[in-house]
Amino acid sequence: MNTFLVVAASFILLMVALGLVRILRGPGDAERMMAAQLLGTGGIAVLLLQGAGSGMPAAVDVGLTLALLAAFASIAFVKSAARSRRDGSQITDL
Amino acid sequence: MGLGFEIGLVVLVLGLATWTIVARETFAAVVGFATYGLLLALVWVRLSAPDVALTEAAIGGGLTGTLLLGAAARLRATEAAAAAERPGAQLRLVAAVLSATVTAGLAAAVLFLPDPAPTLAPAAAANAAATTLGNPVTNVLMAFRAMDTLLEKVVLLLALVGVWSLAPDRLWGGHPGPRHEADPQGAFAFLARLLPPPGIVIGIYILWVSADHPGGAFQSGTILAAMWMLVMMAGLADTPPVSRRLLRLALIAGPLVFLLVGLGGLWLGDAFLAYPVAYAKALILAIEFPMILTIAVTLGLLLAGPPERERER
Amino acid sequence: MRLVLDLFTIVTVSAGVFFFLAGTVGLLRFPDALTRLHALTKADNLGLGLVVVGLLPRADGVLGALKLISIWLLVLLASATVSQLIARVARRNVSA
């Protein structure tokens, strides 16, 4: 059981890595912003599986924090990208 | 099987770090750095250090990334000029040799550590009865090395004053940062209304469990700061003027209570910051609650930056 | 009982991993930002959701199970909103 969970975690990690390769290479800021999203969600999934597989209930707390802060990071990136596009004037219909 | 997972994680982290360094655009590099911080939290969990993982997820991910973005935005005018100067081949060679030497030194230090490595962890764990708390990390931070924690909070405050001093004289005491605007009916405002309430609950929960389980005041304060920043970035609330009395009270509440409890220990007990065993847990909690308020407000203001708009009279 | 729960966990987590795979394949193969965003959110919602459901039998009591579910709900909320915002920025970049 624990082995299965660790294998599942490794697989999701691989998926995240592949997704990252694409995103970080992709042209445009939208792709880069998706990196934080993907890493946040994939990272949480890996964390939960890893925590369940090695018997660490605190991993769920780390997952909660990660969920909140990844959302915050993504928002900050979007805000910054929205601002820089128009050389100062803000996009106000976000 | 776990080894494959660890190797994959290491490769991913190193790859992301390399990409952060070679990225051409500042925005891309900052995104890489923030995601690198999020991944590092996974590494810490793998190393069975959930308290550090919490701090890494909180600070190393979202908050530092936002701070760097703010700095990059302020530097945008000079970015073209900075990119045009490329250091000569000789300088880069010297830099490469220095970096390699430091890396070799660190690797040697880690690899040639005596086995088992010298550590105070068993002593800290053995003395847990001094505070009746179950989490040895909290014991070390709030009891055995409480002096360091107190001084760290004062350093945070000094950093904030340093940031404020960057404002022009006439703007001293004004509102930090620009006035953020967002459609009050839009998606962003929606998130900023819905996310902070559970976020605040989770932040306080992380503090509450730190007595016996992984958690802590700093992580808790960081989560609260992020929620506050979210509300401000969505334009639902303006940044408070830094001369407001209530704000300044919140900024000193944490270190002040800490100092008072410490002096109380000197007067009623054995030494500065000594806790009588019967009241240790209550005293530590009494210190930590004002402290998360201070940390949240300090980090939020550090991210907002120096005052940029005058306070309306 | 234990065996049934373990089987449930294995099946559900495998389904979750499959959705992560599908999301990543979409991310790699789709032609532009908006379609890639679509693929990404499938991994978010379904992938993580199934993993969370699969881990519920192994959760640390009622509080642990509640924490797992609230992680999923928070990620749902955040990723839905952030995807909207990213899409608007992406569309603006294309048309600007």
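Caption draft 1: Representation of the overall build of chain C. Tallying secondary structure elements over chain C gives 3 helices and 0 strands in all. N-terminal to C-terminal, the α/β element order of chain C is α-α-α. Every one of the 96 residues in chain C was classed for burial, and the buried ones make up 43%. Within chain C, residue pairs in contact and separated by at least 24 positions form 58% of the contacts whose partners lie at least 6 positions apart.

Caption draft 2: The arrangement of the confidence of the model for chain C in detail. Residues and elements named next belong to chain C. The predicted model of chain C averages 87 in pLDDT, with 96% of residues at 70 or higher. Across chain C, the secondary-structure element scoring lowest on mean pLDDT is helix H2 (residues 33-55), at 86, and the one scoring highest is helix H1 (residues 2-29), at 89. Across the predicted assembly, pTM comes out at 0.90 and ipTM at 0.88.

Caption draft 3: Broad picture of the interface of chain A and chain C. Of the residues lining the interface, 39 residues belong to chain A; the matching set on chain C comes to 39 residues. Contributing elements (two or more residues each) for the side of chain A that touches chain C: helix H1 (2-25), helix H2 (29-53) and helix H3 (58-85) of chain A. Looking at which element gives the most residues to the side of chain A that touches chain C, the answer is H2 of chain A, with 14 residues.

Caption draft 4: Examining the interface of chain B and chain A more closely. With 50 residues of chain B in contact, the opposing surface of chain A contributes 44 residues. Counting only elements with at least two residues in the side of chain B that touches chain A, the list comes to helix H1 (2-22), helix H2 (26-46), helix H3 (50-84), helix H8 (187-194), helix H9 (196-208) and helix H10 (217-233) of chain B. Top contributing element to the side of chain B that touches chain A by residue count: H2 of chain B, with 12 residues.

Caption draft 5: View of the packing of H2 of chain A against H2 of chain B. Relative to each other, H2 of chain A and H2 of chain B sit at 0°, their axes nearing to 10 Å. By the angle between their axes, H2 of chain A is roughly parallel relative to H2 of chain B. Contact residues: Asp29, Arg32, Ala35, Ala36, Leu39, Gly40, Gly43, Val46, Leu47, Gln50 and Gly51 of chain A in H2 of chain A; Phe27, Ala28, Val31, Ala34, Thr35, Leu38, Leu39, Leu42, Val45 and Arg46 of chain B in H2 of chain B. Counted by class, the contact of H2 of chain A with H2 of chain B contains 13 nonpolar, 5 polar and 3 charged residues.

Caption draft 6: Highlighting unusual backbone geometry. Residue and element names in this part refer to chain B. The residue serine 48 is not glycine, and still its phi comes out positive at about 60°. You can see serine 48 is positioned in the loop between H2 and H3. Of the residues examined, serine 48 has 11 C-beta atoms within 10 Å and is grouped as exposed. Residue leucine 273 is not a glycine yet carries a positive backbone phi of 65°. If you trace the backbone, leucine 273 turns up in the loop between helix H11 (245-268) and helix H12 (280-304).

Rules used throughout
Residues numbered from 1 in each chain as written. Chains lettered and ligands numbered in written order. Predicted model: local features only at pLDDT ≥ 70, side-chain atom pairs only at ≥ 80, totals over all residues. Helix = DSSP H or I, 4+ residues; strand = E, 2+ residues; numbered from the N terminus. Buried ≥ 20, exposed ≤ 12 C-beta atoms within 10 Å, placed from the backbone. Contact = placed C-beta atoms within 7 Å. pLDDT = per-residue confidence, 0-100. Axes fitted to C-alpha atoms, helices over the stretch in contact; angles between N-to-C directions. Parallel < 35°, antiparallel > 145°, perpendicular 65-115°, else oblique. Nonpolar A, V, L, I, M, F, W, Y, C, P; charged D, E, K, R; others polar.

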